[in-house]
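Structural description and commentary
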Amino acid sequence: MDGKRCGAKLSVQPSRGLMDEKFTVLVQNVLPGFQLTVGAFHKCEGGYGWEAFAHYTANATGTVNVSEDPSLGGTYSGVEPMGLMWSLRPVPGSKSGLRMRKMDVQTPMVVMISVYQGHLTGGFVDQLPLAGVAVERWYMAPGVRRIPITEGGLTATLFLPSGPGPFPALLDLWGGGGKLVEYRAALLASHGFAALALDYLTPQITRETGKMVDNDYFETAYRVLEQHPQIIGSRIAMLGLSFGTSLTLRMAVYSQVMKLRCAVCISGSHVQPIGGSLQQIMSYFKDNAGKARVNEEEQVIWRDLLLPIPTDPSLKVDVGRLRCPLLVVVGEDDQNWPADESAMDMKAMMQRAGNDHLLTVLSYPNAGHLIEPPFTPFARASVFKTMGKAPQTFMALWGGEVVAHSVAQEDAWRKTLSFLRQNLYGGSHPGAETSSHLHPASC
């Protein structure tokens, strides 16, 4: 069959939406039994190409619905409505260790969805598609405001939801890679939460003085939220990933300033020297660097740095003192942090203290360290650059298996939003019926 005379019709709905919003890909007007490939291509801000593709066979009405029909092969198989997003991978010939991260949240991620004749496995740039549609995925919903924050020596960005507010808020911390990472905070604001993305390892004040920040830096960020006229000062949470979890637990338990409504910890640990500065915590990790392993692919495995989990109470946050609800998200194949063992120890500590009713653990088999918002392309390993005066660059193994990890990202995000709505809005979500029916996510 001549592809030019095929007349294939392709639609993607919605063609513009949030990054965590599903879309439907529909191919129509082909012959019954027609073999085709649906492909996705994205050129990231670093200039690298990413692709995903799947093989389908049209049904008796000459239609393929990616949300309902099974992929017969490609970068994913089976019925996977968003497989074209989460299975995106660097195009052949790309440099190794790439990880897709949105840098400018004020522009969309643009993905070209195309249909090709036959079951192709590569060479898409040389093929003429039967049809194509450009799809926009945004982290910032219409009306969300992005406000750079420098007061109090902070390097941060505040995202406010659309509308007058006031809104509950989150302090959003990423991990040991440093820099100001905004896309998760932007997406949280798109769901009705004010969110402050905070750079705490490489902020301007550290670049100028050479000194790492300490507890008062996080307390300053909390006060900025607490005193903002469009934020409900009594409804502030903290969310941390990886090393950000260390700071989240530390501040939630020990800070006399920060009265958190709830906390979310993703892929992290409570193990750290109590009473030490941020610099001393980092030094503690570095002192254990000899426990790092390297696999046959020369990827560095860091999960043993904090193992075995100490029995010495001076080396871990006393979560038995926690007084706010805590959601812990664990990838059971995390190769970067001992998140699974840490979660089990925290649960035991809280049971002994009688506050385990505050704890919810979401644990995902075969998921790795980088549990991100839904449909973020999976990276089992990627290039990582350490902080400090003599930074090192190496390939870090994060762990996980692509399908299981992608399932974990979608489920954990949905349950995290539910947990935050329950604990920050508590039935007063503006523009909606009461959300009192929402309960903290359970595993």
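Residues numbered from 1 in each chain as written. Predicted model: local features only at pLDDT ≥ 70, side-chain atom pairs only at ≥ 80, totals over all residues. Heavy atoms only, no water.

Turning to the sheet that holds strand E3 (residues 24–28), a few remarks are in order. Reading across from one edge, E1-E3-E6 is the order of the 3 strands in this open sheet, with antiparallel pairing throughout. Looking at strand neighbours, the two that pair on one side only are strand E1 (9–13) and strand E6 (64–65), the edges of this open sheet. Of the pairings in the sheet, the one linking E3 to E6 comprises 2 bridges and is antiparallel in character. Note on E6: the bridge partner recorded for Leu26 is Asn65. (Pairing = 2+ DSSP bridges. Helix = DSSP H or I, 4+ residues; strand = E, 2+ residues; numbered from the N terminus.)

This part covers the sheet that holds strand E9 (residues 131–138). Reading across from one edge, E2-E9-E8-E4-E5-E7 is the order of the 6 strands in this open sheet, with mixed pairing throughout. In this open sheet, the two strands that pair with only one neighbour each are strand E2 (16–18) and strand E7 (89–90). Of the pairings in the sheet, the one linking strand E5 (residues 49–57) to E7 comprises 2 bridges and is antiparallel in character. Bridge pairing links Glu51 to Arg89 in E7.

All told, the structure shown has 16 aromatic pairs when counted by the stated rule. Judged by centre distance (5.3 Å) and plane angle (55°), the ring pair of Tyr139 and Tyr183 falls under tilted. Here Tyr183 lies in helix H2 (residues 183–190) and Tyr139 lies in the loop between E9 and strand E10 (145–149), a separation of 44 residues in the sequence. Of the residues examined, Tyr139 reaches a relative accessible area of 5% and is grouped as buried. For Tyr183, a relative accessible area of 1% puts it in the buried group. These aromatic residues form a ring-pair network of at least three members: Tyr200, Tyr217, Phe218, Phe243, Tyr284, Phe285 and Trp337. Between the NZ or CZ atom of Arg101 and the centre of the ring of Trp174, over which it lies, the distance is 4.9 Å. The ring centre of Trp174 lies 4.0 Å from the NZ or CZ of Arg184, which sits over that ring. (Phe/Tyr/Trp six-rings, centres within 6.5 Å; stacked < 30°, edge-to-face > 60°. Buried < 20%, exposed > 50% of the residue type's maximum accessible area, 1.4 Å probe, protein only. Lys NZ or Arg CZ within 6 Å of the ring centre and 35° of its normal.)

Here we take up the side chain of Asp334. Looking at the element boundaries, Asp334 is found in the loop between strand E18 (326–331) and helix H7 (339–353). It is Arg303 that comes nearest to the buried, bridge-free Asp334 among opposite-charge side chains, at 6.0 Å. Looking at Asp334, its side chain comes within polar contact range of the main-chain nitrogen of Asn336, at 2.8 Å. When residues no more than four places from it in sequence are discounted, the contact partners of Asp334 are Ser267, Arg303, Ala339, Ala367, Gly368, His369 and Trp398. (Lys, Arg positive; Asp, Glu negative; His and termini not counted. Salt bridge = Lys/Arg side-chain N within 4 Å of Asp/Glu carboxyl O. Polar contact = N/O pair within 3.5 Å; in protein donor to acceptor, adjacent residues only side chain to side chain. Contact = heavy atoms within 4.5 Å.)

Under the counting rule described, the total for this entry stands at 12 salt bridges. Where Asp304 meets Arg293, a salt bridge forms, and the shortest distance between an N and an O atom there is 2.6 Å. One end of the pair, Asp304, is in the loop between strand E17 (300–301) and E18; the other, Arg293, is in strand E16 (residues 293–294), and 11 residues separate them in sequence. Looking at Arg293, the relative accessible area reads 38%, which means it is partly exposed. Its salt-bridge partner being Arg303, residue Glu341 comes within 2.9 Å of it at the nearest N-O pair. Of the two residues, Glu341 is situated in helix H7 and Arg303 in the loop between E17 and E18; the sequence distance between them amounts to 38 residues. Using a relative accessible area of 13% as the deciding quantity, one classes Arg303 as buried. Three or more residues are tied together by salt bridges with common partners; here these are Asp411, Arg414 and Lys415.

A separate point is the side chain of Asp172. As for its position among the elements, Asp172 is in strand E12 (residues 167–173). Taking relative accessible area as the criterion, Asp172 reaches 1% and is therefore assigned buried. Within the structure, the side chain of Asp172 is placed 2.5 Å from the side chain of Arg184, a separation counted as a polar contact. Setting aside anything within four residues of it in sequence, one finds Asp172 in contact with Arg184, Ala185, Leu196, Ala197, Leu198 and Leu239.

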